[in-house]
Each structure stands twice: as structure tokens, then as C-alpha cells.
Amino acid sequence: MLTIETFKALLLGFTIGLTGALVPGPMLFATIELSLKKGWLAGPKVVFGHMLVELVLSVLILFGVASLMGSGTISAISVIGGLALVIFGLLTAKDAKAAASAGIPPGTSGLKLSSSPIALGFFTSVSNPYFWIWWLTAGSALVLRAYELGALVSLAYLLGHWTADLSWFTAVSGSFSRGKTLFSGRTHEMVLYVCGGFLVIFGLYFMLNYNNPIQLS
């Protein structure tokens, strides 16, 4: 019975993880940008930074600490994280032309965090209020439910979730890393402009909706 429940948790984690990974967000566009400079390994490294946040949060959920985080905390994350995403997006767009022609990392003029895929995976996770809201509601319920069936089942759920993230973002980075040889300089530049623009849009949306970043039914 334990083996069946473990497999079911693994499959559930993978399915839910893939559903979330396929939705475009700040982490996706940051991964695309870094892949153009650093190659396909940028994707797995970004996911590793993302996994660190989820691992810590899962432990806090199991110990009940996450329940202490209220709407005020989410609002603060929305404002601070949104502002940081706007800055990062503007720097990406500002350096897009130079990055495409000379191969320098976008954002080097001010945001050194962009040089580390792991740090960027961490940053784009903690700055995203949707991430927190999901993990403090549905995510926490799923982790706790799995833990009721045993620590191994809970671990299987997390492994399934991370496998989905790793699979998708590795595929994305693998595809876009080829852009260094397949894309023209102009196309490379336009991709970076699009990534920067989306990051600015996400940041502004988070800041403008800090009081109610998402409606939960």
C-alpha cells in the first residue's frame, strides 16, 4: 500500500508541478534570457534556486510556521518583489542591444544577481506573490495531506513536483541556448527586449495589485 501511495504522490506532484511550470511567469523569461548567454545548464540551475525556496517552505509548512504569514506579508512581497522585477526588466531591455552584439550578460550595469542562475531562480520565486499564495493555500494542503500518509509519500510528492519543473525548464533552456548559433543578432536582441518587457509587466502588476494579488475561490 505504501508503494502505491508513494507512486500516486509522485504522479500527483509531477502533474501539478507541470501545470504550474507551463504557465508563463518571471522565472520562465529569466530562464530564456540566461539560456541565451550561459547555455542549457541555465535552466536546471534556475530550477535549483527555485527548489531551495520550496524545500524551506515545505519544512515550514510541516512545522506550522507558514500559517503565521498573513495578507500583509504577501502585500509586502508584491511591492518589493514587483519593484525588483521592474528594475531587472528595465536593465535587461537596456542592455539587450549590447548583449546581442557583444555577448555581455544583460543587466550587468546594475543587477549583479542576473549573473547567477541559482540566485535568479531563488529571486524570481520569492518575489512572486502568486508563488506564495499557492504554497500557503493549495500547496500547503497537498504537502500536509501527503505527510499524513508518511514522510516518504510527502517526499515523493515534492520529487514529482521538482521533476516537472526540472524537465520543463531544461527543455526551455536547451531550446533557447541554441539561439546563440541559430538566432541572428537582431532576433537575439528582440528576444531580450520581450523578456525584459514581460518582467516589467509582471513587476508592475504585482505592485499595482498588492492589496489583492489574486482571487481565491
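Only a predicted model underlies this, so the values are computations on that prediction, with no experimental measurement involved.

Q: Whenever I open this one, the overall build of the protein chain confuses me. Can you help?
A: Helix and strand counts for the protein chain stand at 10 helices and zero strands. Taken from N to C terminus, the helices and strands of the protein chain fall in the order α-α-α-α-α-α-α-α-α-α. Expressed as a percentage of the 217 residues in the protein chain, the buried residues total 44%. Taking as baseline every contact in the protein chain between residues at least 6 positions apart, the subset at least 24 positions apart corresponds to 82%. Just so you have it, the protein chain exposes about 10,600 Å², and 73% of that area is on carbon and sulfur atoms.

Q: Would you take a moment to explain the pattern of salt bridges for this structure?
A: When charged atoms on two side chains of opposite charge get close, those side chains can pair. What the rule picks out here adds up to one salt bridge. Linking Lys8 and Glu5 is a salt bridge whose minimum nitrogen-to-oxygen distance equals 3.7 Å. In this pair, Lys8 and Glu5 are both assigned in helix H1 (residues 2-21), three residues apart and thus about one turn of the helix distant. You can call Lys8 partly exposed: its relative accessible area is 46%.

Q: Which parts of the structure should I look at to understand the confidence of the model for the protein chain?
A: Do not read the fine detail of predicted coordinates wherever pLDDT is low. Per-residue confidence for the protein chain averages 76 on the pLDDT scale, and 73% of its residues sit at or above 70. At the low end of the mean pLDDT range in the protein chain sits helix H9 (residues 179-182), at 56; at the high end sits helix H3 (residues 42-62), at 91. Taken as a whole, residues 102-113 scores under 50 in pLDDT and shows 26 contacts with residues more than four places along the chain or in a different chain. Note that pLDDT drops below 50 for residues 213-217; the model gives that stretch 10 contacts with residues more than four away or on any other chain.

Q: Whenever I open this one, the UniProt feature "transmembrane region" (unreviewed entry) in the protein chain confuses me. Can you help?
A: Taking the UniProt record as the reference, the feature "transmembrane region" (unreviewed entry) is found at residues 12-34, 46-68, 74-93, 118-137, 149-169 and 190-208. Taken end to end, residues 149-169 comprises 90% helix and 0% strand; its first and last C-alpha atoms sit 30 Å apart.

Q: How should the environment of Gly13 be read in this particular structure?
A: When you line up the elements, Gly13 lands in helix H1. For Gly13, a relative accessible area of 0% gives the class buried. Along the primary structure Gly13 and Leu155 are separated by 142 residues, whereas in three dimensions their C-alpha atoms are 9.8 Å apart. Setting aside residues up to four positions removed in sequence, Gly13 forms contacts with Tyr157, Gly160 and His161.

Q: Looking at this structure, I do not really get the environment of Glu5. What am I missing?
A: Along the primary structure Glu5 and Ala156 are separated by 151 residues, whereas in three dimensions their C-alpha atoms are 9.2 Å apart. Look past the residues within four positions of Glu5 in its chain and what remains in contact with it is Leu149 and Val153.

Q: What's the story with the nonpolar core in this structure? I'm lost.
A: A general feature of soluble globular proteins is that nonpolar side chains tend to end up buried together. Of all hydrophobic cores here, the largest spans 21 residues; its most connected members are Phe29, Ile32, Leu120 and Phe169. The greatest single-element share of this core, amounting to seven residues, is contributed by helix H2 (residues 26-38). With sequence-adjacent residues up to four places away left out, Phe169 is seen in contact with Ala21, Met27, Leu28, Thr31, Gly43 and Val47. Phe131, Trp135, Ala146 and Ala156 belong to the second-largest nonpolar core, a separate cluster that totals 14 residues.

Q: Sorry, what's going on with the packing of aromatic side chains here?
A: Working definition: an aromatic ring pair is given by the centre-to-centre distance plus the angle between the planes. In this structure the tally under the stated criterion is one aromatic pair. Centre to centre, the rings of Phe131 and Trp132 are 5.8 Å apart; their planes meet at 90°, and the pair counts as edge-to-face. Like Phe131, the residue Trp132 is buried in the burial classification.

Q: Got a minute to help me understand the environment of Gly20 in this structure?
A: Along the chain, Gly20 turns up in helix H1. We classify Gly20 as partly exposed; its relative accessible area is 47%. Sequence separation between Gly20 and His161 is 141 residues; the distance between their C-alpha atoms is 9.4 Å.

Q: So what exactly am I meant to see when it comes to the packing of H3 against helix H6 (residues 117-126) here?
A: When two helices pack together, their arrangement is given by the angle between their axes and by how far apart the axes lie. Where H3 contacts H6, the axes come no closer than 7 Å and their chain directions differ by 50°. Compared by their axis directions, H3 and H6 come out oblique. H3 and H6 meet at a crossing whose hand is right-handed. Contact residues: H3 offers Ala42, Lys45, Val46, Phe48, Gly49, His50, Leu52 and Val53, while H6 offers Pro117, Ile118, Gly121, Phe122, Ser125 and Val126. Across the contact of H3 with H6, the residue classes tally to nine nonpolar, four polar and one charged.

Analysis parameters
Residues numbered from 1 in each chain as written. Predicted model: local features only at pLDDT ≥ 70, side-chain atom pairs only at ≥ 80, totals over all residues. Heavy atoms only, no water. Helix = DSSP H or I, 4+ residues; strand = E, 2+ residues; numbered from the N terminus. Buried < 20%, exposed > 50% of the residue type's maximum accessible area, 1.4 Å probe, protein only. Contact = heavy atoms within 4.5 Å. Areas by Shrake-Rupley, 256 points an atom, 1.4 Å probe, with all protein chains shown as cover. Salt bridge = Lys/Arg side-chain N within 4 Å of Asp/Glu carboxyl O. pLDDT = per-residue confidence, 0-100. UniProt positions renumbered as here; feature names shortened; annotations may be inferred. Core = buried A, V, L, I, M, F, W, Y, C linked by side-chain atoms within 4.5 Å. Phe/Tyr/Trp six-rings, centres within 6.5 Å; stacked < 30°, edge-to-face > 60°. Axes fitted to C-alpha atoms, helices over the stretch in contact; angles between N-to-C directions. Parallel < 35°, antiparallel > 145°, perpendicular 65-115°, else oblique. Left-handed = near helix turned anticlockwise from the far one by under 90°. Nonpolar A, V, L, I, M, F, W, Y, C, P; charged D, E, K, R; others polar.

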